[in-house]
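Fold and contact review
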Amino acid sequence: MEYVSFCRDACKPLWQEIDYLVHYRTNIKKLEDQAQKLNAVVVDVKFSVDEAQKRGERIKNQVEDWVRRANDKALEAQNLNNEIQANQNHRCFSTCCTPTWRSRYNLSKQAVSIAKEMGVIYGEKNFEDVSLPPISKPTAPAPVGHFMLFESTTHARDDVLKALKHDKNNNIVGIHGMGGVGKTTMVKQVAEKVMSEGLFDRVVLATVSQTVNLRKIQDSIADEELAELTDLRMLDMTSSGKIQTISPKVISRLQGLEELYLQGSFCRWCNIAEGTSEERNASLEEVINLPKLTILKVDIEKIIRLPPNVKFIPKWVKFDICISKSFFNRLINVELSKLKRVHTRTLFIDTTMSTLPDWFIEAVTEKAEMLIYSRCQDLMEILTVYDKGRLCGLKSLFVEQCDKVQCLIPFGDGIPSNPVFENLQELRIHRMESMKEIWVGQLPPGSFEKLKFLEVQNCRYLENSLLHSNIIQRLQNLEILHVTGNSIKEVFGFEGLQEGRRYLERLKELRLDSLSRLANIWKGPAKLADFRNLKTVIVVKCNKLKYFFSPSMSQGLLQLEELWVEDCFDLDEIIQKDDEITVDKITLPRLKTLALQNLAHLVNFYDGNSSLECPFLEYLHVRDCPKFRTSDFHSSKQVHFNNEGHYNILKKRYVPNMVFLTCDSFSSILSPQ
């Protein structure tokens, strides 16, 4: 028993070290959660400190020390986060990067340490009051900061009025004293007097109990005089902090309101019948019934807060509505809202269309231009969503982490007559852990005919061909294709396509990254591929690929300008040698940049008998390719070999598109196309 005990103790440090690697993402996430938790307390403490300083009170040394240590640790966490981002972006030209094990270990270990220290600091916040009373003076009450404090109601009203009239910088008054001495009555008299004399347009009263509740005071004031601003046309409270309360019947009084922005601020809507008047929040009915409202950006925490029926269908011209239980989803949508480019009608949801009331379908979903489905555990496929939501006008669809989906777009036997997603221009599919296929069956004519951008990222069980022949024939306008982190064996399946036609003629950019089982870029007759408009090709970490293009296919690469190849272990050549096909000359007339990196088995660009000409080649980067024999590219330009400045420019051109967030997935939706 002693030996077993000794072995366990001796092995314990080793298992701890391994844990840093195994739980890398978990440790980073725990650090972010702990940082957010600590920051929320720091914000409240700083607010209390500011208010105490305005009252002329002295801040406790204990509080100042605690805030300083919390700030230092927050800065340390931010620096680590920056290092994580830099580590992920290093030598990476796709949205799926794999940092080195050593750096993951170090970052994970630091994250655990910082999170633990943050937890200690969080637990040491054991003070209720942040300040000490100001040093009292034996004179009558006098101004302290922006507050006036009075020990009794004797002559209080006259003193307050005098102070407000003669000190134009003094616009906040605090009254305290024993209960029942007439403080509230006196304050109302002062309010009536200063408004009648034109000293102030509005007066806000907030009652402070003996146990101070700063949030309640803030909410009572943040009701921002709103009830009286009946002529208000635009209200923007985006990212104004977590507003806990908007009193009932406040929003409904804003009958002239045309624009309402509440994203990142308030989401706890109530139903009309809930609670007492003191407990209730505003209801969504108040928003829906605003007669002039045309622009709405709002968060909704619970789907049950949507009323089942409304008196009339709202006519919102622009909207950005997020329905999600997840605080992170709501937070990220605020940032996305700033960067959604042309989309003016966006719906972000984590629930199925069947849970949405009919009026919402008519007012929102059938008018939506962009739909984001995130972490919807009840979503099985997207065709039902299309039908129920009447999404014929949808231009952008993003589906992420919906783990029950095995096939996103399943069609049965036969070809349905009505097209689906006929106006969709952008489709992004991220982190679908159970999805094995995107499409099954025949797509009706007209389906996806306007699709320009397709991104499939980190769907690790996706297999076979990414785009089989039934799909390729519908994607005649596809311009950009990004594929990352899955198990497909080929990208394009040309088998069964009609001979004599050419496909994919509008494709401009192809990015393939971390496709461990990808053996071929295409399957079937290569002559059916038309890559005449392909300008950029990036291939990273596709270890089973032995070549990219056939000789006949390469003849069609008339617009290819940039080719970046990295970490493809089995790659022998870029253009396949084919003894059965004789081509006198292979010309890449527009190729300007060729970058080859960490290709252990690459010998030649092309090993056939045909001559190779790249008349406009200007930059050639060859790094860690020990067997590569530099070819004569017959360029009419001066070829710059391994130019460091140009190499860095290339990385900056691609890497900014690969923005990393904690959830990995929303990254590329922020990037310009």
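Being a predicted model, the structure only gives us computed values, none of them experimental. (Residues numbered from 1 in each chain as written. Predicted model: local features only at pLDDT ≥ 70, side-chain atom pairs only at ≥ 80, totals over all residues. Heavy atoms only, no water.)

Counting secondary structure elements, the chain contains 14 helices and 29 strands. The 673 residues of the chain split such that 45% are buried. For the chain, the computed accessible surface area is about 34,000 Å², with 50% contributed by carbon and sulfur atoms. (Helix = DSSP H or I, 4+ residues; strand = E, 2+ residues; numbered from the N terminus. Buried < 20%, exposed > 50% of the residue type's maximum accessible area, 1.4 Å probe, protein only. Areas by Shrake-Rupley, 256 points an atom, 1.4 Å probe, with all protein chains shown as cover.)

Here we come to a positive patch on the surface. Residues K452, R506, K508 and K535 make up a contiguous surface patch of positive charge. Position of R506 among the secondary structure elements: in the loop between β18 (487–493) and β19 (509–513). Judged by its relative accessible area of 42%, R506 falls in the partly exposed class. (Patch = residues over 30% accessible without salt bridge, like charges linked within 9 Å, V, L, I, M, F, W, Y side chains within 5 Å. Salt bridge = Lys/Arg side-chain N within 4 Å of Asp/Glu carboxyl O. Lys, Arg positive; Asp, Glu negative; His and termini not counted. Charge placed at Lys NZ, Arg CZ, Asp CG, Glu CD.)

Moving on, we get to the packing of aromatic side chains. Tallied over the entire structure, the rule returns twelve aromatic pairs. Between F492 and F494, the ring centres sit 6.0 Å apart and the planes meet at 15°, which makes this aromatic pair stacked. The pair F492 / F494 is uniform in exposure class, with both members buried. By way of ring pairs, the aromatic residues Y386, F421, W439 and F448 are connected into one cluster. Geometry around Y647 places R623 over its ring, the cationic atom sitting 3.7 Å from the centre. (Phe/Tyr/Trp six-rings, centres within 6.5 Å; stacked < 30°, edge-to-face > 60°. Lys NZ or Arg CZ within 6 Å of the ring centre and 35° of its normal.)

The subject of this paragraph is the sheet that holds strand β16 (residues 463–467). Within the open sheet, the three strands sit side by side as β16-β18-β20. Their pairing is parallel. For this open sheet the edge positions go to β16 and β20 (520–523), each flanked by a neighbour on one side alone. Neighbouring strand axes in the sheet, compared pairwise and without regard to direction, differ in orientation by 45° on average. Summarising the sheet, β16 and β18 pair through four bridges and their orientation is parallel. Following the sheet pairing, E463 is matched in β18 by S487. (Pairing = 2+ DSSP bridges. Axes fitted to C-alpha atoms, helices over the stretch in contact; angles between N-to-C directions.)

Where helix α5 (residues 156–166) meets helix α6 (residues 183–196), the axes come as close as 10 Å, and the angle between the chain directions of the two elements is 35°. The hand of the α5/α6 crossing is right-handed. Residue-level contacts link A156, R157, V160, L161 and L164 of α5 to M186, Q189, V190, K193 and V194 of α6. Of the residues assigned to the contact of α5 with α6, the class counts are seven nonpolar, one polar and two charged. (Left-handed = near helix turned anticlockwise from the far one by under 90°. Contact = heavy atoms within 4.5 Å. Nonpolar A, V, L, I, M, F, W, Y, C, P; charged D, E, K, R; others polar.)

By the burial criterion, the buried members of α5 are A156, V160, L161, A163 and L164. Looking straight down α5, one finds that the buried residues subtend no more than 160° of arc, so they occupy a single side. Exposed side chains of α5 directed beyond 90 degrees from the buried face belong to K162 and H166. (Arc of directions from axis to C-beta.)

Turning our eyes to something else, we now look at the confidence of the model for the chain. Predicted confidence across the chain gives a mean pLDDT of 81, with 81% of residues reaching 70 or more. The low-confidence segment residues 1–15, where pLDDT is below 50, has zero contacts with residues more than four positions distant or belonging to other chains. Across residues 656–673 the pLDDT falls below 50, and counting only partners more than four positions away or on other chains, this stretch makes 64 contacts in the model. (pLDDT = per-residue confidence, 0-100.)

Time to look at the pairing of strand β15 (residues 453–457). Summarising burial for β15: five of the five residues are buried, a large majority. Of the two faces of β15, the one carrying F453, E455 and Q457 and the one carrying L454 and V456 are both buried. The sheet contact formed by strand β13 (residues 426–430) and β15 spans five bridges and is parallel. Paired with I429 across the bridge in β15 is V456. As judged from the five bridges shared by β15 and strand β17 (residues 480–484), these two strands associate in the parallel manner.

In this section: the nonpolar core. Grouped together as the largest cluster of nonpolar side chains are 128 residues, with contacts concentrated most on I321, Y373, F448, L467, L481 and F492. It is helix α10 (residues 358–363) that contributes the most residues to this core, four residues altogether. In this structure, F492 is in contact with L467, I472, L481, L504, L507, L510, I521, W522, K523 and F531, ignoring residues within four places of it in sequence. Core analysis: the second largest hydrophobic core is formed by 25 residues, V41, L107, I114 and V130 among them. (Core = buried A, V, L, I, M, F, W, Y, C linked by side-chain atoms within 4.5 Å.)

Before going further, it helps to spend a moment on unusual backbone geometry. One non-glycine residue, N458, lies in the positive phi region at around 55°. Secondary-structure assignment places N458 in the loop between β15 and β16.

Now for the pairing of strand β10 (residues 370–374). Most of β10 is tucked away: five of the five residues are buried. The side-chain alternation of β10 yields two buried faces, one formed by M370, I372 and S374 and the other by L371 and Y373. As defined by bridge partners, strand β9 (residues 345–349) adjoins β10 across four bridges and the pair is classed as parallel. Looking at β10, one finds that I349 is bridged to Y373. Taking the sense of rotation as the criterion, the β-α-β connection linking β9, α10 and β10 turns out right-handed. Pairing of β10 with strand β11 (residues 396–400) involves five bridges; the strand directions are parallel. Considered in β11, the bridge of S374 is made with E400. (Right-handed = clockwise from strand over helix to strand, strands pointing away.)

Right, let's get into the side chain of S447. As for its position among the elements, S447 is in the loop between β14 (437–440) and β15. Polar side-chain contacts of S447 include one of 3.0 Å to the backbone nitrogen of V420. Among the polar contacts listed, one links the side chain of S447 to the backbone oxygen of P444, at a separation of 2.8 Å. Ignoring sequence-local partners within four residues, the contact set of S447 consists of P419, V420 and R474. (Polar contact = N/O pair within 3.5 Å; in protein donor to acceptor, adjacent residues only side chain to side chain.)

Before going further, it helps to examine the pattern of salt bridges. Summed over the entire model, instances satisfying the criterion amount to 21 salt bridges. With a closest N to O distance of 2.7 Å, E366 and R390 form a salt bridge. Residue E366 is located in the loop between α10 and β10, and its partner R390 is located in the loop between α11 (383–389) and β11; the two are separated by 24 residues in the primary sequence. Taking the relative accessible area as the measure of exposure, E366 reaches 30% and is therefore partly exposed. The class of R390 is partly exposed, set by a relative accessible area of 38%. Here E455 and R428 are joined by a salt bridge, their closest N and O atoms 3.2 Å apart.

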